[in-house]
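Chain and residue survey
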Amino acid sequence: MMVTTSNSPAGHGSPASSRRNSGAKAPPGSSDPTRPDIALATAIASDDESNPTNRRGRRVAPTSAPSSPPPHPTSRIEAPSGMNRRIWSKGTMYGRQRWRVRLSTGPVVKASLAIAERTGGERSSNRSDGGSVMDRTLSPWRADGRSTIGSGESAGPAGVDTSARRPFLVESRPVLECSMSWITVKSAFASPVGTPVTLKGWVRTNRESKADGGLCFLAVSDGTCFDPIQCVIKGGGPGAVGNFDQVQRLTTGCSVEVDGSVVASQGKGQSVEVLVDGSAGGAVRVVGLVENPDTYPVSNKRHTFEYLREQAHLRVRTNTFGAVARVRHTLSMAMHRFFHERDFFYVHTPIVTASDCEGAGQMFRVSTLDMLNPPRVAGAGGKDTPGPIDYSQDFFGKEAHLTVSGQLNVETYCSALSRVYTFGPTFRAENSNTSRHLAEFWMIEPEIAFADLTDDARLAEDFIKHLIRAVLDERPDDMKFFEERIEKGLLARLGDVLEKPFLHLPYTEAIRILEKAIAAGQVFEYPVKWGSDLQSEHERFLTEQHFKQPVVLMNYPKQIKAFYMRVNDPGTDSAPGETVAAMDVLVPAVGEIIGGSQREERLEVLDARIEEMKLPAKEYWWYRDLRRYGTVPHAGFGLGFERAMMFLTGMQNVRDVIPFPRTPKSADF
RNA sequence: UCCCCGAUAGCUCAAUGGUAGAGCGACCGGCUGUUAACCGGUAGGUUCUAGGUUCGAGUCCUAGUCGGGGAGCCA
């Protein structure tokens, strides 16, 4: 089935699609000045100084006609009837023309294959990772959708990023708005001048002017993009809105509906705005007022993160937390997409666990017993001493806790579905109060069958690079904010990680490097010794000073790692002691971001480890069964979702990258 | 859990043991296609809690609560 060309772009779409298509008739090479995200995309990657941006990164005034790629016949490409698909150009990215394909229904792969045939000659190769947007999006090579983890086909030399050549499809955009009577602020920014719009959102700022007989400048945000849109409300002359006095009194946080039309802005600071002219049907309807503006907790001023944590229900209305929320969503979707496109299955591992064998720290108890008067085991403690609590009378008939990891459970599904992952909340009752720890956090744990530690490390690298690309591609507006206000140099740091292959380094070798550094005068607070775990200062030294790039540390001493990690053959890495196939991925500025291992698949070795660590062997009966019935080598890792958020946004405190943080002594909201 | 720091107006912070202050925000007015606006004015306080020392405590002492940074543990 081919995607054909046509001169009637509006023939198969909703009104919204017509609007976009007509908008796309502008020279597609030009960054749309009404789209801050596109302007940013250009700004991130290009050294082209001809795109003046103002402080917020918007194009201030379009310069002369852009000279970049000649018009591409996007708007003439049309799907066969009944397929409901649209294609449009979105401007440039990394100096290349960027295309997006939208497919509401229908066979995605076939469509993109057909397109690839049309554009197959248009490879670009100036990306440092060897890929390009065009390659990733449209090339026939990847249009077959085949995933290649662990196979010879795409798994290049160790450390070479191959994920760029894997399927990267289609941006999905909300179709929903088409059936609603209003549009999002994000869509309004993308609408051509002259489009009548109805917006619904919250007032960010309200400025007044006496010009033109009275104007109000309402900055309205609905959270769908970083920037609020400026609504100019007329208060004098024939265009005055009836409730202008009410509009004048609107304060930060009020919710409103605005009818108006998209116009080119007369002021500086934004290229388009929404003009509300009463004589042209414009109106402002107040939905909800802020009842006491004086005490509105997130008034229009700077607030500390500490303060905003105490206002977690309102903090998402601020620039920072809105951006965090959008990036968090994007990261979540990107993660699922990464695995889905590589034939991984998402497994919902349990939150409540009645097995006492997860062994990763303090657990939260789950119980329905009467805490004041729990049942006791009869006679166990003699007449006067009460026996231990009788959990056989508890809800599950035994002790139950909240999970500290989905790994053991997900290994079972791995032993049948080959490639699986779990993503869910995880609970640790440790009394640790730091900027990197939560009592409730989210963790991603993939598990791959027939894989060894190298496959695992390669997957981790592909995964991290995919996540970086996703947030840069999809949330340029928010990422620009993080770069400017949260961490200067963030984009360079991420670009660096994207660019360089991860270095694989045996633990034993890392110890040698650290010892040499000490001999050369490097001072550490903690000693370095084969057999002890590396301190974060050691990890930072390796990744930030010595190698200045991401490092995958591999093959740790057996005694400092978990029982399920595969015991290496003697002599691996010429280590002075026994090692296990564990790995930690270290990245500059954040440190350890991933921990993983190849799992012990040999029953007798596993049993020996369980025995050695004095673990309750009985509890592991089902885990041991995996080794008794068709055991396979397998490996996996865990990525803390909030730590990934910190890595990607530059936010310094884990409590600020999760909507409602749970920490010791704190579970408000 | 350990070490260090902190808590004063809606927010951020001042205030030798002696009358509770500023900036921002809010409100009122002026000016302005405004946009960290600007100019003038007004209101706003049980100084975290409970004890103690003192003629007198925001300030000093004790205990507690909460918050922040670091360590450990980890993701």
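Okay, so let's go over this structure. This one's a predicted model, so the numbers in the text were calculated from it and none came from an experiment.

1. Some details on the packing of helix α14 (residues 507-519) against helix α15 (residues 536-546)
For the pair α14 and α15, interaxial distance at closest approach is 11 Å and the crossing angle is 80°. With respect to α15, the element α14 is oriented roughly perpendicular. Judged by residue contacts, Ala510, Ile513, Leu514 and Ala517 of α14 engage His538, Phe541, Leu542 and His546 from α15. Classifying every residue of the contact of α14 with α15 by side-chain character gives six nonpolar, two polar and no charged.

2. Side note on the protein's contact with RNA strand B
The immediate surroundings of RNA strand B are formed by 49 residues, with Lys268, Asp294, Thr434, Gln535 and Arg643 found nearest. Considering RNA strand B, the proportion of its atoms within 4 Å of the protein that are sugar or phosphate atoms stands at 48%. In this structure, serine 299 approaches RNA strand B through a side-chain N or O atom, which is 3.4 Å from a sugar or linking oxygen. One nitrogen or oxygen atom from the side chain of arginine 428 is found 2.9 Å from a sugar or linking oxygen belonging to RNA strand B. Contributing elements (two or more residues each) for the surface near RNA strand B: β5 (196-209), β6 (215-221), β7 (229-234), α8 (305-309) and β16 (440-449). For the surface near RNA strand B, a count of residues per class yields eleven nonpolar, 22 polar and 16 charged.

3. Quick look at the packing of aromatic side chains
Under the definition given, this model contains 21 aromatic pairs. Relative to phenylalanine 482, the ring of phenylalanine 481 has its centre 5.8 Å away and its plane inclined at 65°; by these criteria the two rings are edge-to-face. Considered together, phenylalanine 481 and phenylalanine 482 belong to a single accessibility category, that of buried residues. Between phenylalanine 563 and tyrosine 564, the aromatic rings sit 5.3 Å apart at their centres with planes inclined by 80°, giving edge-to-face as the arrangement.

4. Focus: the pattern of salt bridges
Per the stated rule, a full pass over the model turns up 28 salt bridges. The salt bridge involving glutamate 461 is made with lysine 465; its shortest N-O contact spans 3.0 Å. Of the two residues, glutamate 461 and lysine 465 both sit in helix α11 (residues 453-474), four residues apart, roughly one turn of that helix. Given the relative accessible area of 1%, glutamate 461 is considered buried. Of the residues examined, lysine 465 reaches a relative accessible area of 1% and is grouped as buried. Its salt-bridge partner being lysine 480, residue glutamate 484 comes within 3.0 Å of it at the nearest N-O pair. Highlighted residues: glutamate 484 and lysine 480, both in helix α12 (residues 476-486), separated by four residues, approximately one helical turn. Accessibility expressed as a relative area gives 16% for lysine 480, which makes it buried. Salt bridges linked by common partners bring Lys200, Glu257, Asp259 and Arg285 together as one network.

5. Observations concerning the nonpolar core
Core analysis: the largest hydrophobic core is formed by 58 residues, its most contacted members being Met583 and Val585. For this core, the element with the highest residue contribution is α11, accounting for eleven residues. Ranked by size, the runner-up nonpolar core spans 32 residues in total, among them Ala188, Leu199, Leu250 and Val290.

6. Some words on the pairing of strand β19 (residues 579-587)
Judged by how many residues are buried, β19 sits mostly within the fold: nine of nine residues are covered. Neither face of β19 is left uncovered, since the one carrying Thr579, Ala581, Met583, Val585 and Val587 and the one carrying Val580, Ala582, Asp584 and Leu586 both have all their residues buried. Note that β19 and strand β20 (residues 591-599) share six bridges and pair antiparallel. Bridge assignment links valine 585 to a residue of β20, and that residue is isoleucine 594.

7. Focus on unusual backbone geometry
Of note in this structure, aspartate 212 is not a glycine but carries a positive phi near 55°. Here phenylalanine 669, not a glycine, exhibits a phi torsion of approximately 65°, which is positive. Relative to the assigned elements, phenylalanine 669 resides in the segment after α18 (641-649).

Rules of the game
Residues numbered from 1 in each chain as written. Chains lettered and ligands numbered in written order. Predicted model: local features only at pLDDT ≥ 70, side-chain atom pairs only at ≥ 80, totals over all residues. Heavy atoms only, no water. Axes fitted to C-alpha atoms, helices over the stretch in contact; angles between N-to-C directions. Helix = DSSP H or I, 4+ residues; strand = E, 2+ residues; numbered from the N terminus. Parallel < 35°, antiparallel > 145°, perpendicular 65-115°, else oblique. Contact = heavy atoms within 4.5 Å. Nonpolar A, V, L, I, M, F, W, Y, C, P; charged D, E, K, R; others polar. Near = heavy atom within 4 Å. Polar contact = N/O pair within 3.5 Å; in protein donor to acceptor, adjacent residues only side chain to side chain. Phe/Tyr/Trp six-rings, centres within 6.5 Å; stacked < 30°, edge-to-face > 60°. Buried < 20%, exposed > 50% of the residue type's maximum accessible area, 1.4 Å probe, protein only. Salt bridge = Lys/Arg side-chain N within 4 Å of Asp/Glu carboxyl O. Core = buried A, V, L, I, M, F, W, Y, C linked by side-chain atoms within 4.5 Å. Pairing = 2+ DSSP bridges.

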